[in-house]
Every structure is written in structure tokens, then in C-alpha cells.
Amino acid sequence: MAIKVVALGFCFGSQSYLKSSWNILDGILVFVSLVDILVSLAYTGTNRILGILRVLRLLRTLRPLRVISRAPGLKLVVETLITSLRPIGNIVLICCAFFIVFGILGVQLFKGKFYHCEGLDTRNVTNKSDCLQANYKWIRRKYNFDNLIQALMSLFVLSCKDGWVNIMYDGLDAVGVDQQPVRNHNPWMLLYFISFLLIVSFFVLNMFVGVVVENFHKCRQDQEEEEARLREEKRLKMIDKKRRSKENGGAEAKQRPYYADYSPLRLTIHTLCTSHYLDLFITFIICINVFTMSIEHYNQPQYLEEVLKYCNYVFTIIFVIEALLKLVAFGFHRFFKDRWNQLDVGIVALSIMGITLEELKMKAALPINPTIIRIMRVLRIAR
């Protein structure tokens, strides 16, 4: 360490000792070792402060890390893992979003249905009342979807592909709330479990391996020099672009924006819709909406069900107002030209349809269950 400091300089200069993170790691380990030696020599058994400092001896276990900076292969692996942290963090967010979406879907589809009667002869048992009258036990399965926490635990087991078949069979056998399961009662529920396995287990989770492999091929010994060269080229391109933009600035300045002829009221709405604060407000509302959907669970109190219903009304009204304001601000063609605006309108339309069907009590007259339309509210997370 001393030789390197003398040869390279301590902190001044582009090639100084402290400019390399590997040298910093070596310096910390050497410093800790020196402190440990001094504490060991000065410790007599009576000084408690020095006794506490002897805990630094545990840091000696980090000495093998110095080998990494001297082995190019190990150094490449460590740099690969470090550079992979940022994209892996994005994949973790995507994975969590999929887990929450499928968790809320699972609660809507299976809450209160993962129960069964346990007894000697349950062939004539069809519901919870029959089970209790026969002095049998009405038992909830270990992995269920009664609330979001239980649903996430069940989905975690599904993603691990260890015992996931039993959970899938329980979903296929589920009949209804307080109803005894029937073998293969609803085979269409297979789509839920297969979709989760294909999207999350096989696709999203394997993206972790793909990110590490991709970064391994990108990390080389000259990585820092290559990045510096690219940054320099980018800086020169930006300077050249600014120079050319100044030369063509006169012609471009004459082009009028599309909202130049708006009335004062419409211009105010346009300013509101393009404001960053509106995006923050809508993001906050969406987070609250996701939270209210997440706390829905089986056997919930009546007052909570009413509160969640009115919260859904409020959120839907806010999203409708947002869509109308953007439609006025950008115009019909410009508004629907954006795919995200199309998604917003579709989600709002599905929300209104679900509320209308629930209020009209048209469940018996429809070919599909209105709950399926209500489940589509989870698409708001995609916003």
C-alpha cells in the first residue's frame, strides 16, 4: 500500500491511489488490520473501550476480498454483479408489480373459497353448515387467497414451482364461499395459474439471469476507458447539435405550437394537463387506489365494503375528469394518438361498466359475471 501511494500519489491526479475503488478497499482492510494490532497490544482486560474496539478483529475476515483486485477473472465477475444492480432493481419492480396484479386478481377470484370439510365421510357435505352439523371441521387451506398477504404467499410458492400443483388443483376445485370443493369444478381457472407461471416464473424471473449474462459480456478490462470515450463523443455531439440548432433557430422559432390559437380557458386546461404536478397527483391517487384494492379480503366487515365501494366511485370520477380535461386540452386526434391515453380511456370505461352493472343488479341477465369486469380495475397499476 505504501509503495502504491508513493508511486501514484494519494488523492491528487487522475491515476492517484484513491481514484480506484479497489485501492480504497485495500486501504480500508490494511487500516483495520493496523487498528486491530494496536488495540490487541494496548488491551489489558480492564479498559472496556479497547475491549469494544476488538470487535474490529471480525473485519479481518474481509481480507480475502483483496484477492479480487489481483485476479482479472474475479474482478470481472464482481464488476458484472455491481453493474447489474441497477437493471436488476428495475426487474424487481416489474416482478413486484406482476405479483401485486395477480395477487389482487387471486383475491377477487378465490377469496373465501379455499376451505374444505375434514371428516370421516364428506361425500354428502356440500357447504359449511352441513360440515358443522356433522361435527366435522371446516378448515382453511394453508395457501389461500383470502387477502393480499396470503395471496402473495401463495403466488410465491407458485413461482418457486414447489407444491404449486396442489394450489392449482384447489383453485380448480373451488366452488364458492362456504361451499365444499368439487373436483375440477371450474377448469377455466387453469388460465389464471398458467398465465402466472408463464409470465412471472418463466419470463420475469429468468430476466434476472439474462441481465447478469448481458452485463458479463459488456464488462471488460477497458470498461472505464471505453465509457470515458463514449462520454466524450456524446459531449462533442451535443456541442455540435447545439451549434446547428442555433444556426437553424431562426427558422424553427417561426413555427407556431399547436395550442397557439387556444382560448384562454382551454390554454389554462392545457397548462394544467402538461404540468408535472398533475402527474404526481394522479400517481398519488393511483397508489391510494391500489392500496384500497389491496386491503379487500374475505369475510370483511360491511362498513369496509361500503367504504371501498365509495372509494372506487371517487377514484373513477377523478380518472373520468382527468380523461375529459386531457381530451379538451389535446384534442380528439392528438389525445388518442398516444397509446397510454388509449389505455387510460379503456380502464375508465371498464370501471364505469363495472359500477353500472353492480348498481343495476344485472348479474343474472348477463352471460359473464360482472366481477370479471370489476377485476379489470387492477389494470390501473399499469398507469
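Residues numbered from 1 in each chain as written. Predicted model: local features only at pLDDT ≥ 70, side-chain atom pairs only at ≥ 80, totals over all residues. Heavy atoms only, no water.

Where we set the bar: UniProt positions are given in the numbering used here, feature names are shortened, and annotations may be inferred rather than shown by experiment.
Taking an unreviewed UniProt entry as the reference, the protein is identified by name as Voltage-dependent T-type calcium channel subunit alpha-1H belonging to Characodon lateralis. Among the UniProt annotations of the protein, the heading Subcellular location (unreviewed entry) holds the following wording: "Membrane".

### Some points on the nonpolar core
Short version of the rule: The criterion is simple. A nonpolar core is a set of buried Ala, Val, Leu, Ile, Met, Phe, Trp, Tyr and Cys residues joined through side-chain atoms within 4.5 Å. Type-normalised accessible area, obtained with a 1.4 Å probe on protein chains alone, sets the label of each residue: buried when under 20%, exposed when over 50%, and partly exposed for intermediate values. What counts as a helix is a DSSP run of H or I of at least four residues, what counts as a strand is a run of E of at least two, and both are numbered from the N terminus. The contact definition used throughout considers only heavy atoms, calling two residues in contact when any of these lie within 4.5 Å.
By size, the foremost hydrophobic cluster in this structure holds 25 residues, and its most contacted members are Phe-110, Phe-145, Leu-155, Ile-167, Tyr-192, Phe-193 and Phe-196. Among the secondary structure elements, those contributing two or more residues to this core are helix 5 (85-110), helix 7 (148-160), helix 8 (164-173) and helix 9 (190-204). When residues no more than four places from it in sequence are discounted, the contact partners of Tyr-192 are Phe-102, Gly-103, Leu-105, Gly-106, Leu-109, Phe-110, Phe-145 and Leu-155.

### Notes on the UniProt feature "transmembrane region" (unreviewed entry) in the protein
The residues that UniProt annotates with the feature "transmembrane region" (unreviewed entry) are residues 28-46, 91-110, 189-213, 276-293 and 313-332. This span, residues 91-110, is 100% helix and 0% strand, and a straight line between its end C-alpha atoms measures 28 Å. In residues 313-332, helix accounts for 95% and strand for 0%; the two terminal C-alpha atoms are 25 Å from one another.

### A short note on the side chain of Asn-144
Rules: Whenever two N or O atoms come within 3.5 Å, that pair is a polar contact, provided that in protein one can donate a hydrogen and the other can accept it, and provided that, for residues adjacent in sequence, both atoms are side-chain atoms.
One can find Asn-144 in the loop between strand 2 (137-140) and helix 7. A polar atom in the side chain of Asn-144 sits 3.0 Å from the backbone oxygen of Arg-141. Asn-144 has contacts with Phe-114, Gln-150, Ala-151 and Ser-154, leaving out every residue within four places of it along the chain.

### Here we look at the state of the cysteines
Counted only if it meets this: Cysteine sulfur atoms that come within 2.5 Å of each other are treated as a disulfide pair.
Applying the stated criterion across every chain, the model contains one disulfide. The disulfide that involves Cys-117 links it to Cys-131, with 2.2 Å between the sulfurs. The sign of the S-S torsion, about 85°, decides the handedness of the disulfide formed by Cys-117 and Cys-131: right-handed. Here Cys-117 is found in strand 1 (residues 115-118), whereas its partner Cys-131 is found in helix 6 (residues 128-133), with 14 residues between them in sequence. Assigned by exposure class, Cys-117 and Cys-131 land together as buried. Its sulfur unpaired, Cys-95 is 6.0 Å from the next cysteine sulfur, which belongs to Cys-96.

### Overview of the packing of helix 14 (residues 276-294) against helix 15 (residues 302-330)
Let me state the cut-off plainly: Inter-axis angles, ranging from 0 to 180 degrees, are taken between N-to-C directions of lines fitted to C-alpha atoms, where helices are fitted over the stretch in contact. Put simply, angles under 35 degrees are roughly parallel, angles over 145 are roughly antiparallel, angles from 65 to 115 are roughly perpendicular, and the rest are oblique. Two helices cross in a left-handed way if the nearer one is turned anticlockwise from the farther one by less than a right angle. They cross in a right-handed way if the turn is clockwise. Residues were grouped as follows: Ala, Val, Leu, Ile, Met, Phe, Trp, Tyr, Cys and Pro as nonpolar; Asp, Glu, Lys and Arg as charged; and all remaining residues, including Gly, as polar.
Packing of helix 14 against helix 15 leaves a shortest axis separation of 11 Å and a crossing angle of 155°. The pairing of helix 14 with helix 15 is recorded here as roughly antiparallel in orientation. In terms of crossing hand, the pair formed by helix 14 and helix 15 is left-handed. From helix 14, Phe-281, Ile-282, Ile-285, Ile-286, Ile-288, Asn-289 and Thr-292 reach across to helix 15, where they touch Leu-308, Phe-315, Ile-318, Phe-319 and Glu-322. In the contact of helix 14 with helix 15, the residues fall into nine nonpolar, two polar and one charged.

### A closer look at the pattern of salt bridges
The criterion, for reference: For salt bridges, the criterion is a side-chain nitrogen of Lys or Arg within 4 Å of an Asp or Glu carboxyl oxygen.
The tally for this structure, following the rule as stated, stands at eight salt bridges. We note a salt bridge from Arg-235 to Glu-232, for which the minimum N-O separation is 2.7 Å. One end of the pair, Arg-235, and the other, Glu-232, are both in helix 11 (residues 223-247), three residues apart, so they sit about a helical turn from each other. Among the salt bridges present, the one from Glu-322 reaches Lys-326, with a minimum N-O distance of 3.2 Å. One end of the pair, Glu-322, and the other, Lys-326, are both in helix 15, four residues apart, so they sit about a helical turn from each other. Given a relative accessible area of 8%, Glu-322 falls into the buried group. Classification of Lys-326 as buried rests on a relative accessible area of 12%.

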